[in-house]
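# Fold and geometry: a report
Single-letter residue listing:
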Amino acid sequence: MPGVVSLVMGTLILAAKLVAWRLTGSAALLADALESIVNVVAAGFAVVALHVSAIPADSNHPYGHGKIELLSAAFEGGLVLAAALAIVVSAVRAMVLPPPLRELDVGMAVSAGAAVANLLLGIWLIRQGRHLGSAALVADGHHVMSDVWTTVGALAGLGLVLASGMRWVDGLVALLVGLWLTATGGRLVKEALDGLMDREDPELVKRIQAAFDAVRMPDIHGLHDVKAIRSGTHLHVDAHVYVPASWSVARAHEATQQLVAALKREAGLNGEVVLHLDPSTDVPAPRVPDTPSA
């Protein structure tokens, strides 16, 4: 549902920006519209990614299908970089040969309305993404929010053109938009690649440690070597704990299963937690009598 809303709203906002560009002939507003084309394409890809990520785990994908969301985020970042390149080329041309500008007041009003709609959409997408644990929605929301700032920058530049009459400023603003999008696209790609390569998430590890400290079970201590793999909303956590060396396998298994259930509740984990058992040096193993000699 959030992906569909993003796709529909993105299409309407793109239409408004294209109208603003056609009214004014502004290179800055054209750059803003090109960036919105990326929004629409990326939103369409995100709809597919969200559908696939919701497919339950199976024998071929035991950790689910959630990593397609990271592919979606990387794809979106690549599109942003491609749009940024096109904008930079257009901006340089507009600075060298400034195009005639017209109906700036009407065009700027249309563009401002699109910016407000984008702001509301971006805030909603980020909140939905965090609530659902969706990397694709969060990336889409941040991209939409960056689009708001490009629009604000374009409008500020056009305001300066109106005040000064220096038409080349329109191209300069478009160039700044292109450079801003280059940074945004690079960040999206980097974050997606970090997720695909299972880079450690320090905040998640801290959350698991805090949950372990909060639930505290008798005789189980020393959570260490915590590793977590994220696949969309699904997590796979591996960690080690110490248990008394005197415990039987059955007792240790039952106790750690209780601990796993408590950790999931406390930390709000969706997925599986595997605890590896290490013998505790705090509780010595019972002495085994010597075997009498024959």
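Note: the structure precedes this text.
Description of the structure in this document. (Residues numbered from 1 in each chain as written. Predicted model: local features only at pLDDT ≥ 70, side-chain atom pairs only at ≥ 80, totals over all residues. Heavy atoms only, no water.)

The relative placement of two packed helices is expressed as an angle between their axes plus a distance between the axes. Packing of helix H2 (residues 27–53) against helix H6 (residues 168–196) brings their axes to within 7 Å, and their N-to-C directions diverge by 25°. Of the possible angle classes, the one that applies to H2 and H6 is roughly parallel. Within the contact between the two elements, H2 uses Ala27, Ala28, Ala31 and Glu35 and H6 uses Asp170, Val173, Ala174, Val177 and Leu181. In the contact of H2 with H6, the residues fall into seven nonpolar, no polar and two charged. (Axes fitted to C-alpha atoms, helices over the stretch in contact; angles between N-to-C directions. Helix = DSSP H or I, 4+ residues; strand = E, 2+ residues; numbered from the N terminus. Parallel < 35°, antiparallel > 145°, perpendicular 65-115°, else oblique. Contact = heavy atoms within 4.5 Å. Nonpolar A, V, L, I, M, F, W, Y, C, P; charged D, E, K, R; others polar.)

Within the largest apolar cluster, 29 residues are counted, with the highest numbers of intra-cluster contacts made by Val173, Val177 and Leu181. Within the residue set of this core, elements represented by two or more residues are H2, helix H3 (68–96), helix H4 (104–132), helix H5 (135–164) and H6. Aside from chain neighbours lying at most four places away, what touches valine 173 is Ala28, Gly153, Ala154 and Gly157. Listed in part, the 23 residues of the second largest apolar core include Ala211, Val226, Ala255 and Leu263. (Core = buried A, V, L, I, M, F, W, Y, C linked by side-chain atoms within 4.5 Å. Buried < 20%, exposed > 50% of the residue type's maximum accessible area, 1.4 Å probe, protein only.)

Moving on, we come to the pairing of strand E3 (residues 271–280). Examined bridge by bridge, strand E2 (residues 234–244) and E3 share 10 bridges and lie parallel to one another. When the bridges of E3 are listed, valine 241 appears paired with leucine 277. (Pairing = 2+ DSSP bridges.)

A word on the pattern of salt bridges. Following the criterion strictly, the structure yields three salt bridges and no others. Where lysine 17 meets aspartate 32, a salt bridge forms, and the shortest distance between an N and an O atom there is 3.0 Å. One end of the pair, lysine 17, is in helix H1 (residues 2–24); the other, aspartate 32, is in helix H2, and 15 residues separate them in sequence. Of the two residues examined, lysine 17 and aspartate 32, each falls in the buried class. (Salt bridge = Lys/Arg side-chain N within 4 Å of Asp/Glu carboxyl O.)

Below, the discussion takes up H4. In this model, H4 (29 residues) spans 41 Å end to end at C-alpha, consistent with the 42 Å of a helix rising 1.5 Å per residue. Among the residues of H4, those classed as buried are Leu104, Gly107, Met108, Ser111, Ala114, Ala115, Asn118, Leu121, Gly122, Leu125, Ile126 and Gly129. Remark: glycine 133 follows H4 within two positions and exhibits a positive phi of approximately 70°. (Expected span 1.5 Å × (residues − 1).)

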